[in-house]
Amino acid sequence: MKTGSKIEELLKQLTLEEKLGMIHGNGLFCTKGVERLNIPSLKMSDGPMGVRNEFENEKWIAVGNSDDYVTYLPCNSALASTWNRDLAYRMGQVLGEEARGRGKDVILAPGINIKRSPLCGRNFEYMSEDPYLTKEEAVPLIQGIQESDVAACVKHFALNNQETERLWVDVEIGERPLREIYLPAFYDAVKRGGAYSLMGAYNKVRGEHCCQSKYLLDEVLREEWDYDGTVISDWGAVHDTREAAESSLDIEMSVTDQFDEYCLADPLYREIQEGRIKESFADSKVRRILRMMERLHMLDGERKSGCYNTHGHRQTALETARESIVLLKNDNHRLPIQRKNLKKLLVIGDNGDRIHSNGGGSAEIKALYEISPLMGLKSRLGGNTEIKYVKGYYAEKKDVTGEVNWQEASLNDSNNTKGKAAENTGLSEKRKKLLEEAVKAAAAYEEVLFIGGLNHDYDVEGYDREDMQLPYEQDKVIQEVLKVNPNTVIIMNAGAPVEMKSWVHQAKALVWNWYAGIEGGNALAEVLLGEVNPSGRLAETFPKSHLDCPAHCLGEFSGKEKVHYREGIYVGYRYYDTYQTEPQFCFGYGLSYTEFTYSNLEINQNNSAFCMSVSMDVKNIGAQCGKEVVQLYVRCLESKVERPYQELKGFEKVSLNPGEEKQVSFWLDESSFHYYDENNRKFCTEPGRYEICIGKSSRDICLKKEIKIVL
């Protein structure tokens, strides 16, 4: 029987009660199956960094078994910083195999919302400020996941760019920035990635909640993009039975155990029975769910089994972590640390010995293990080097009151801002003692590492930061330590940019490390000791202050009912480069222990005015093997509309031995030059002069050549 025929046959046999059971939660992470027709329950799990631990079906209480430990993967920000499509694909394979190995049908990943502000609490779950880089990493990740008969659920559709008032904030945005910045990665996720499911967002867009939005779900997703996959709500994001039923939402999930009271449960049953809502709306939803089940081989029983916690999975996590680390400063070749004759090493900072896998909200992971930076260093340096550890600063825990799980209470939030409220206004006695201990030790050691940054009290679902300042008065510790030991290497471990202006110019070496997964400490140690040459590049701009960010200085980022995206298309480097605002570190930036040169830029336009091949040579002129990220930006030199100074339209990561030279090639098509025409409601490309720019970052363009497009 053909797939379509089988689905229609099943649909005819289903009762209304059975249909509705399939379109809303019957557990915190599952829907109801139909046993008499061999239709299984649909089982889902968070998240982007690995398969979450098991909960009781109706309560946010961990089952507590020993069989749900998994591979803790680097966060999506780390993955994007690798600029490596192959690693994205392999990480997707790991996530898919582990989800299937744990008996899941849908993994709620990846998160691909654009990083509009550095203050968003979930930025560590997202990839980039740039839509091109985001989609180029997301597509292979999705494809890798779905190889294991597991549906990727790409989230959050759309404009989920803040946690403050996340359930009710109404985004006002022009059609052009929506189409050019915030939707392209979702478009490619469904068109090129073939994502079997999408998750709707909590927020509103132009007055409609995203999970009930006729514009987003019906007009854009179903009609324009011809998407026939399954749309799942975020947990608790549905608010109205009629709007949800008559929109293209397919499954309603929430955080409470009152499953029959969900909007698409008993309330919908009554509406259909009384003739106010057509049953055909439920049929459409069930049809799409069955189609996804067919794609996952859930109805024919011929399904892959999956696996988890394999050596290969851990190796992929390690390789991804290695390539995600970004070397931001290395004055006078301060790094790598020379192991020869290294007798003593001092590590300062709470993040040197902190585990991050068990925090962050729904991204939390029950990791099989997690290598901390301190463990990674000790396991490599062994008994020949004495490693002393001091905390340096006191990182107090966020106050948690009551017995209610944070997720169960998440629908009651009002402001969702986590700022300085938990901070003491001055140095406590405990902090003074820790500071004094760190400074005294730093003065006595030749080799000192400070490992600080953020943790999941700050990078966390449900809360935004007030500013970019380092918590726990770390700035003071860094300043004082650098005074007594100017050679101290500063390592920041975080999922979003932090202010560095009070000490960055004094630091000789600065390393950026993300939440890097199960092998993160080993990867960091390898980079610091020179066993691995750093090749990560920033997938987002690091501003000097959040007040420099266009979301704050041009647009709005607040707890108001409406937030206006007045910055329009000028998000991230598009703003900083166009308006000549100096960031702390620019988009695409990252150093290496070796040096690369670029030459021989060639552009060949074929018969099509828009399609062309671009090639250039990159050479490693240093003494170490290394990986370079070659970035291609397109600049429009004449236009009838506002255009950003330049836009990323290609990148390639290439590995080179000392003295080796390789040719790197790109292919550009019409989408590399287009903009969204709001009057004609479509993308279009203007004839005229353009510049093809090849560089190491958005601010380090090495080669460029002007071309002309004639229609």
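Predicted model, so just to flag it, every value in this text is computed and none were measured.

What to know about the overall build of the protein
- Within the protein one finds 18 helices and 26 strands.
- For the protein, whose C-alpha radius of gyration is 26 Å, the value lies close to the compact-globule estimate of 27 Å for 711 residues.
- Taken over the C-alpha atoms alone, the protein extends approximately 80 × 65 × 50 Å along its principal axes.
- Every one of the 711 residues in the protein was classed for burial, and the buried ones make up 64%.
- For the protein, long-range pairs separated by at least 24 residues make up 77% of all intrachain contacts whose partners lie at least 6 apart in sequence.
- Of the side-chain charges in the protein, 89 are positive and 110 negative, and the distance between the mean point of each set is 3 Å.

Points about the nonpolar core
- Phe157, Trp235, Met492, Met500, Trp503 and Trp512 are the most contacted members of the largest nonpolar core, which totals 164 residues.
- If near-sequence neighbours (up to four positions away) are discounted, Phe157 is found in contact with Leu183, Phe186, Leu198, Met199, Gly200, Ala201, Cys210, Leu216, Leu217, Leu221 and Trp225.
- By size, the runner-up hydrophobic cluster in this structure holds 28 residues, among which are Leu318, Leu377, Leu524 and Ala525.

Overview of the pattern of salt bridges
- The final tally for this structure, using the stated rule, is 63 salt bridges.
- A salt bridge links Glu706 to Arg689, with the nearest nitrogen and oxygen atoms 2.9 Å apart. One end of the pair, Glu706, is in strand S26 (residues 700-709); the other, Arg689, is in strand S25 (residues 688-697), and 17 residues separate them in sequence.
- Overall, Glu706 belongs to the partly exposed group, its relative accessible area being 43%.
- Arg689 gets classed as partly exposed once you look at its relative accessible area, which sits at 31%.
- The network of salt bridges with shared partners includes Arg85, Lys135, Glu136, Asp188, Arg192 and Glu652.

Digging into the packing of helix H4 (residues 85-101) against helix H12 (residues 311-324)
- Between H4 and H12, the shortest axis-to-axis distance is 10 Å and the interhelical angle comes to 145°. For the crossing formed where H4 meets H12, the hand is left-handed. Where H4 approaches H12, its residues Leu87, Arg90, Met91, Val94, Glu97 and Glu98 are matched on the opposing element by His313, Thr316, Glu319, Thr320 and Glu323.
- For the contact of H4 with H12, a count of residues per class yields three nonpolar, three polar and five charged.

Topic: the domain arrangement of the protein
- One can read the domain layout of the protein as domain 1 (3-296), domain 2 (311-396 + 426-537) and domain 3 (594-709).
- Between the C-alpha centres of domain 1 and domain 2 there is a distance of 35 Å.
- The interface is formed by 43 residues belonging to domain 1 together with 44 residues belonging to domain 2.
- Between domain 1 and domain 2 lies a buried interface of about 3,600 Å² when both sides are counted; carbon and sulfur atoms form 58% of it.
- Counting across the domain 1 and domain 2 interface gives five salt bridges.

Focus on the sheet that holds strand S11 (residues 326-330)
- With mixed pairing, the six strands of this open sheet are ordered in space as S11-S16-S15-S14-S12-S13. Looking at which strands have only one partner, the edges of the open sheet turn out to be S11 and strand S13 (386-390). Direction aside, the axes of adjacent strands within the sheet are offset by 20° on average.
- Relative to strand S16 (residues 509-513), S11 runs antiparallel, the two sharing four bridges. Of the residues in S16, the one forming a bridge with Val326 is Trp512.
- Sitting on the sheet, helix H13 (residues 373-381) touches strand S12 (344-348), S13 and strand S14 (448-453), and the angle it makes with S13 is about 170°.
- With respect to the sheet, helix H15 (residues 474-484) is in contact with S12, S14 and strand S15 (489-493), its orientation differing from that of S14 by roughly 165°.

A word on the pairing of S12
- Counting buried positions along S12 yields four of five residues, so the element is predominantly enclosed.
- Judged from the five bridges that link them, S12 and S13 form a sheet pairing that is parallel. Looking at the pairing, Ile348 lines up with Val390 of S13.
- Taken together, S12, H13 and S13 constitute a β-α-β crossover, and its handedness is right-handed.
- Pairing of S12 with S14 involves three bridges; the strand directions are parallel. Paired with Val347 across the strands is Leu449, a residue of S14.

Thresholds, definitions, all that
- Each chain carries its own residue numbering, running from 1 in the written order of its sequence.
- Since the coordinates come from a predicted model, pLDDT governs what is reported: local features require at least 70, and pairs of side-chain atoms require 80 or more to be given and counted, while whole-chain, interface and lining totals use all residues.
- Hydrogen atoms and water are omitted, and side-chain values are computed over all heavy atoms in the structure.
- Helix and strand assignments come from DSSP, with helices taken as H or I runs of at least 4 residues and strands as E runs of at least 2, each series counted from the N terminus.
- In this treatment the radius of gyration is a C-alpha quantity, and the globule benchmark scales as 2.2 Å times the residue count to the 0.38 power.
- Each residue's exposure class comes from its accessible area (1.4 Å probe, protein chains only) as a fraction of the maximum for that residue type: buried when under 20%, exposed when over 50%, partly exposed otherwise.
- Contacts are assigned to residue pairs with any non-hydrogen atoms lying within 4.5 Å of each other.
- His is not counted, nor are the chain ends, whereas Lys and Arg count as positive and Asp and Glu as negative.
- Here the site of a charge means atom NZ of a Lys, CZ of an Arg, CG of an Asp or CD of a Glu.
- Think of a nonpolar core as a cluster: buried Ala, Val, Leu, Ile, Met, Phe, Trp, Tyr and Cys residues, connected wherever their side-chain atoms sit within 4.5 Å.
- Salt bridge, as applied in this entry: a Lys or Arg side-chain nitrogen positioned within 4 Å of an Asp or Glu carboxyl oxygen.
- Only C-alpha atoms enter the line fits that serve as axes; for helices the fit covers just the stretch in contact. Angles between N-to-C directions range over 0 to 180 degrees.
- Each crossing gets its hand from how the near helix is turned against the far one by less than a right angle, where anticlockwise is left-handed and clockwise is right-handed.
- In this classification, Asp, Glu, Lys and Arg are treated as charged, Ala, Val, Leu, Ile, Met, Phe, Trp, Tyr, Cys and Pro as nonpolar, and every other residue, Gly included, as polar.
- Marked domain ranges trace back to an automatic or database domain assignment.
- Put simply, buried area is the surface a 1.4 Å probe can reach on two separate parts but cannot reach once they are joined, added for both.
- In this description, strands pair whenever DSSP reports at least two bridges between them.
- Every crossover in which the path from the first strand over the helix to the second runs clockwise, viewed with the strands pointing away from the viewer, is termed right-handed.

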